[in-house]
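Here is how the chains run, residue by residue.
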Amino acid sequence: MNNFNFYSPTEFVFGKDRENECGTYVKKFGGSKVLIHYGGNSAKKSGLLDRVKKSLENSGIAYCELGGVQPNPRDGLVYKGIELCRKENIDFILAVGGGSVIDSSKAIAAGVPYDGDFWDFYSGKRIEKALPVGTVLTIAAAGSEGSGDSVITKEDGMFKRGAGSDALRPKFSVMNPELTQTLPAYQTACGATDIMAHVFERYFTNTTEVEITDRLCEAVLMTMVKETPRVIADPNNYEARANIMWAGMVAHNNIVGVGREQDWNSHGIEHELSALYDCAHGAGLAVIMPAWMEFVYKHNIMRFCQMAVRVFGCNMDFENPENTAIAGIKAFRRFLHDIGMPINFAELGAKEEDIPALTEKLGLGDGKTGGFVHLSSEDVSQIYKIAA
Ligand code: NZQ
Ligand code: ZN
């Protein structure tokens, strides 16, 4: 196991009706004037936004609002948010929505105290300071409610890039599984795929002797394999929703990834798909992740066997372990198909002729990525071809 620090300061406020306590938590973390940031229509339609406002009012907290965050959030609204926060002397940002809303909130939070262009942070500059952020999560997926990460798309050129800092970790996150019951099955499945991908990005490692994190990873993956079909069949199943919601947080606050080298190549490769086609991130991952697995499994066949046997219940072929590794990848792809995810370019709405442009935009040039298997541009192009 490698040396590590683990810092996860967010207070998680989990369970039914907990959004009614927003005001208490904003106050606890020093907020006196809040920007409520939200997405399209879902939080309004469900009445959630009204409940959040009421809770702030009950605690005597002033607020203003900025809605309209799109999935795959754009820089344009972030600039608007920064301007609004400065004009209104906002001291706390409350994200009401999914990963896109939370990431947009984090970008605004980093941009407000910074004199330069907030995009500098998405081009590699370190974030030292940010306004405090709280979240009311409405979809189990990105894990942004517990992470220090934010992913934003620059409209000029449609570049999707990430920034990360402990300064961006939410002060608190309200997680009421009931709020996810209004999700369409497709969005639920996209979220489930993203959660599993966050674990796989950590599971496929070259670090040895990491039994505890291996087992934690497998616990999250097995939970998703069991619970996802249950919520697809019965969207109001609170217990299954609750397990998935907590799994989404555990999958990405890094508790399952500490002390080990991680990969993240599937995410990098996917981000070009959601940037170009504006597809859901989870749907893009459903197409890319099994293709990446097929491309790299020979690097460590026994690790893929471990996944196949422990997570998907495949039989171990001791004579020819490669058969087991392949069976595990097939089982993953079948699972994704069964929960309604696209599993190739055509189903996603992506085009094979775009592969050179997608590869080029990733910007590897003659270099290679890091991770489980270091990939060149040619390798990435091969992975897109397998996915096609
Ligand atoms: O905008 P509204 O109307 O709210 O609709 C949203 C949106 O269309 C809808 N939705 C959310 N909650 C709902 C609901 N509809 C009905 N009922 C509800 N309760 O779902 C759609 C998708 O929402 P979005 O926030 O985009 O989903 P998700 O949480 O999957 O976030 C995706 C974004 O997160 C990034 C992705 O790249 C993508 O941009 N990621 C962020 C990460 C992080 N910050 O740590 C890590 C991830 O790997 C990921 O890259
Ligand atoms: Zn993801």
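Residues numbered from 1 in each chain as written. Chains lettered and ligands numbered in written order. Predicted model: local features only at pLDDT ≥ 70, side-chain atom pairs only at ≥ 80, totals over all residues.

Novice: Please explain the site of ligand 1 as it appears in this structure.
Specialist: Inspection of the region around ligand 1 gives 34 residues, with G39, G40, P71, G98 and G99 positioned closest. Looking at the shell around ligand 1, the elements with two or more residues in it are α2 (42-45), α5 (99-111), β6 (149-154), α6 (185-203) and α10 (281-296). A per-element tally of the shell around ligand 1 places α5 first, with four residues. Across the shell around ligand 1, the residue classes break down as nine nonpolar, 22 polar and three charged. (Near = placed C-beta within 6 Å. Helix = DSSP H or I, 4+ residues; strand = E, 2+ residues; numbered from the N terminus. Nonpolar A, V, L, I, M, F, W, Y, C, P; charged D, E, K, R; others polar.)

Novice: I keep staring at the UniProt feature "domain: Fe-containing alcohol dehydrogenase-like C-terminal" (unreviewed entry) in the protein and nothing clicks. Help me out?
Specialist: The UniProt record annotates "domain: Fe-containing alcohol dehydrogenase-like C-terminal" (unreviewed entry) at residues 188-386. When the span residues 188-386 is considered, its composition is 65% helix and 0% strand, and the gap between its end C-alpha atoms is 25 Å. (UniProt positions renumbered as here; feature names shortened; annotations may be inferred.)

Novice: What should I look at first to understand the UniProt feature "domain: Alcohol dehydrogenase iron-type/glycerol dehydrogenase GldA" (unreviewed entry) in the protein in this one?
Specialist: UniProt's feature table lists "domain: Alcohol dehydrogenase iron-type/glycerol dehydrogenase GldA" (unreviewed entry) at residues 9-177, given in the numbering used throughout. For residues 9-177, the helix share is 28%, the strand share is 25%, and the end-to-end C-alpha distance is 21 Å.

Novice: Explain the sheet that holds strand β8 (residues 172-175) to me, please; I cannot follow it from the model alone.
Specialist: Across a sheet, paired strands are connected by hydrogen bonds in the backbone, their directions being either parallel or antiparallel. Read from one edge to the other, the open sheet built from six strands follows the order β1-β8-β5-β4-β2-β3, with strand pairing classed as parallel. Single-partner strands in this sheet number two, and they are β1 (11-14) and β3 (62-66). With direction set aside, neighbouring strand axes in the sheet form an average angle of 20 degrees. (Pairing = 2+ DSSP bridges. Axes fitted to C-alpha atoms, helices over the stretch in contact; angles between N-to-C directions.)

Novice: What is the right way to read the nonpolar core from this model?
Specialist: One broad rule of soluble globular proteins: the nonpolar side chains tend to lie buried together. Within the largest apolar cluster, 116 residues are counted, with the highest numbers of intra-cluster contacts made by I93, L94, V96, V220 and I288. Residue contributions to this core peak at 10 residues, all from α10. Residue contacts for I288: discarding those within four places in its chain leaves S266, I269, E270, L273, I383 and A387. (Core = buried A, V, L, I, M, F, W, Y, C linked by C-beta atoms within 7 Å. Buried ≥ 20, exposed ≤ 12 C-beta atoms within 10 Å, placed from the backbone. Contact = placed C-beta atoms within 7 Å.)

Novice: What's the story with the environment of Y203 in this structure? I'm lost.
Specialist: Looking at where Y203 falls in the secondary structure, it is placed in helix α6. Residues Y203 and D263, spaced 60 residues apart in sequence, show a C-alpha to C-alpha distance of 8.4 Å.

Novice: Explain the packing of helix α7 (residues 211-233) against helix α8 (residues 238-250) to me, please; I cannot follow it from the model alone.
Specialist: What describes two packed helices is the angle between their axes and the distance between those same axes. Relative to each other, α7 and α8 sit at 145 degrees, their axes nearing to 9 Å. Of the two possible hands of crossing, α7 and α8 adopt the one that is left-handed. Where α7 abuts α8, its residues V220, T223, M224, E227, T228, R230 and V231 lie against A240, R241, N243, I244, A247 and V250. Split into classes, the residues belonging to the contact of α7 with α8 amount to seven nonpolar, three polar and three charged. (Left-handed = near helix turned anticlockwise from the far one by under 90°.)

Novice: Can you walk me through helix α15 (residues 377-387) in this structure?
Specialist: Since one α-helical turn is 3.6 residues long, residues separated by three or four positions face the same way. Turning to α15, its buried residues are D379, V380, I383, Y384 and A387. Taken end-on, α15 shows its buried residues confined to a sector of 145 degrees, consistent with a single buried face. Of the surrounding elements, those touching the buried residues of α15 are α9 (265-277), α10, α13 (345-348) and α14 (355-361). (Arc of directions from axis to C-beta.)

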